[in-house]
Amino acid sequence: MSLPRHRVYGLIGFPLTHSFSMNYFNNMFESENIDAEYVNFEIPEIGDLMEVISENPNLSGLNVTIPYKEQVIPYMSEMDSEAAQIGAVNVIKIIRDKNGDIRLKGYNSDAMGFQNSIAPLINPKRNRALILGTGGASKAINRALINLGVEPVFVSRTPAEGQLSYAKLTPEVMESHRIIVNCTPLGMYPNVDRCPDIPYDLLTPDHLCYDLIYNPDVTTFMKKSRAYGAEVKNGLEMLLLQAFESWNIWNM
């Protein structure tokens, strides 16, 4: 079945206080004369997903953000092998057959976006990483770091077995883990003054502190890390790379 001439894509999450994807895709559609639009679907619970799909017959693909990257999995008809391995979905391809039946296939473009963004910043001193947070995004970051030969460990306020608590970030741990990735929403607009509770005074110029947040472009986590000489980077490049990959998925 050929796609409808006017295609719709969108983002599901809650809350959607940021609109990078919507602006990015709609600007792209306009500049490349593509008959499509990108819409934010702020849904208060994941059970509203199927209603969004049924009410938008031209909807061809979705991005998924906080807090639904894991909750959306039971709604998938099938999963790409990478997304299944990661255990989180941030791209949904909506496949409609000639009978009107709908299949949803889940993908993960976060891992590739992050991996390609951080790869140039990896060096022999940066061979271990702390992943702050254990949500859906953190699973993709974990996979990407492993792919790059970096040994990651999760840090959580309520650590499971094999994870660290913030109280366990000793000088020895901070010295041996020179990549720190913030996968929490702490510091995201509008709560820009918040940041993860790590011992920033133990950071050095050998450390890389990467924040998945891109709004604001310099977060409190980044400011405090940079004050102690650490190299910092926000999530904008990752977002651009994963958006490009989303488009490829929807159109392959």
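Residues numbered from 1 in each chain as written. Predicted model: local features only at pLDDT ≥ 70, side-chain atom pairs only at ≥ 80, totals over all residues. Heavy atoms only, no water.

Student: What is the right way to look at the nonpolar core in this model?
Tutor: One recurring pattern in soluble globular proteins: nonpolar side chains tend to sit buried together. Judged by nonpolar contacts, the single largest core of 19 residues is most densely connected at I12, L49, L59, L62, V72 and I92. Where this core is concerned, the elements lending two or more residues are β1 (7-13), α2 (49-55), β3 (59-64) and β5 (91-96). In contact with L49, not counting residues within four places along its chain, are I12, I43, L62, V72, Y75 and L104. (Core = buried A, V, L, I, M, F, W, Y, C linked by side-chain atoms within 4.5 Å. Buried < 20%, exposed > 50% of the residue type's maximum accessible area, 1.4 Å probe, protein only. Helix = DSSP H or I, 4+ residues; strand = E, 2+ residues; numbered from the N terminus. Contact = heavy atoms within 4.5 Å.)

Student: Even after reading the chapter, I still don't get helix α8 (residues 236-250), so can you show me in this structure?
Tutor: It helps to recall that an α-helix has 3.6 residues per turn; residues three or four apart then point in one direction. Spanning 15 residues, α8 covers 21 Å between terminal C-alpha atoms, matching the ideal 21 Å at 1.5 Å per step. Every buried residue of α8 is accounted for by M238, L239, Q242, A243, S246, W247, I249 and W250. (Expected span 1.5 Å × (residues − 1).)

Student: It is not clear to me how the sheet that holds strand β2 (residues 36-42) should be interpreted in this structure. Could you clarify?
Tutor: As a general point, the strands of a sheet are linked pairwise by backbone hydrogen bonds and lie either parallel or antiparallel. Sheet architecture is open: six strands sit in the order β2-β1-β3-β5-β6-β4, paired in mixed fashion. This sheet does not close on itself; its edge strands, each paired only once, are β2 and β4 (78-79). Across seven bridges, β1 lies against β2 in parallel orientation. Paired with R7 across the strands is A36, a residue of β2. Sitting on the sheet, helix α1 (residues 20-31) is in contact with β1, β2 and β3, with an inclination near 170° to β2. (Pairing = 2+ DSSP bridges. Axes fitted to C-alpha atoms, helices over the stretch in contact; angles between N-to-C directions.)

Student: Just to check I follow, could you spell out the pattern of salt bridges for this structure?
Tutor: A side chain with one charge can pair with a side chain of the opposite charge if their charged atoms come near. In the structure shown here, the tally under the stated rule is nine salt bridges. E78 is paired through a salt bridge with R103; the nearest N and O atoms lie 2.5 Å apart. Residue E78 is found in strand β4, and its partner R103 is found in strand β6 (residues 102-107); the two are separated by 25 residues along the sequence. On the basis of relative accessible area, R103 is assigned to the partly exposed category, the value being 39%. Residue K105 pairs with E78 through a salt bridge whose shortest N-O separation is 3.9 Å. With K105 in strand β6 and E78 in strand β4, this pair connects stretches of sequence that are 27 residues apart. Linked by salt bridges that have partners in common, E78, R103 and K105 make up one network. (Salt bridge = Lys/Arg side-chain N within 4 Å of Asp/Glu carboxyl O.)

Student: What am I meant to see in the state of the cysteines here?
Tutor: Linking two cysteines covalently via their sulfur atoms produces the bond known as a disulfide. With the rule as written, the count across this model stands at zero disulfides. Sulfur of C195: no disulfide; nearest cysteine sulfur belongs to C209 and is 11 Å away. (Disulfide = S-S within 2.5 Å.)

Student: Is there a simple way to explain the packing of aromatic side chains in this structure?
Tutor: Two aromatic rings, taken as a pair, are described by how far apart their centres are and by the angle between their planes. Enumeration over the complete set of coordinates arrives at 12 aromatic pairs. Aromatic pair Y9 and W250: ring centres 4.8 Å apart, planes at 25°, arrangement stacked. Taken together, the positions of Y9 in strand β1 and W250 in helix α8 put the pair 241 residues apart, joining distant regions of the chain. Taking relative accessible area as the criterion, W250 reaches 4% and is therefore assigned buried. (Phe/Tyr/Trp six-rings, centres within 6.5 Å; stacked < 30°, edge-to-face > 60°.)

Student: Would you take a moment to explain unusual backbone geometry for this structure?
Tutor: What you tend to see is this: most non-glycine residues have negative phi, and most peptide bonds are trans. Here the residue pair F14 and P15 is connected by a cis peptide bond, since its omega of -5° sits within 30 degrees of zero. The linkage connecting Y189 with the following residue, P190, adopts the cis geometry, with an omega of 10°. Here P190 is to be found in the loop between β9 (179-182) and β10 (208-211). At N33, a position not held by glycine, the phi torsion is positive, near 55°.

Student: What am I meant to see in the environment of L16 here?
Tutor: You can see L16 is positioned in the loop between β1 and α1. The buried category is assigned to L16, whose relative accessible area is 12%. Here L16 is in contact with L11, N40, F41, E42 and T65, once residues within four sequence places are set aside.

Student: How should the sheet that holds strand β11 (residues 231-233) be read in this particular structure?
Tutor: A sheet is described by the order of its strands in space; here five strands give the open sequence β8-β7-β9-β10-β11, paired in parallel fashion. Edge strands, defined here as strands with exactly one partner in the open sheet, are β8 (151-155) and β11. Pairs of neighbouring strands in the sheet enclose a mean axial angle of 20°, with direction left out of account. Bridging between β9 and β10 involves four bridges; their strand directions are parallel. Counted as the bridge partner of V181 is Y210 from β10. Contacting β7 (128-132), β9, β10 and β11, helix α7 (residues 220-227) crosses the sheet at an angle of about 170° to β10.

All we've got here are geometric facts, nothing functional implied.
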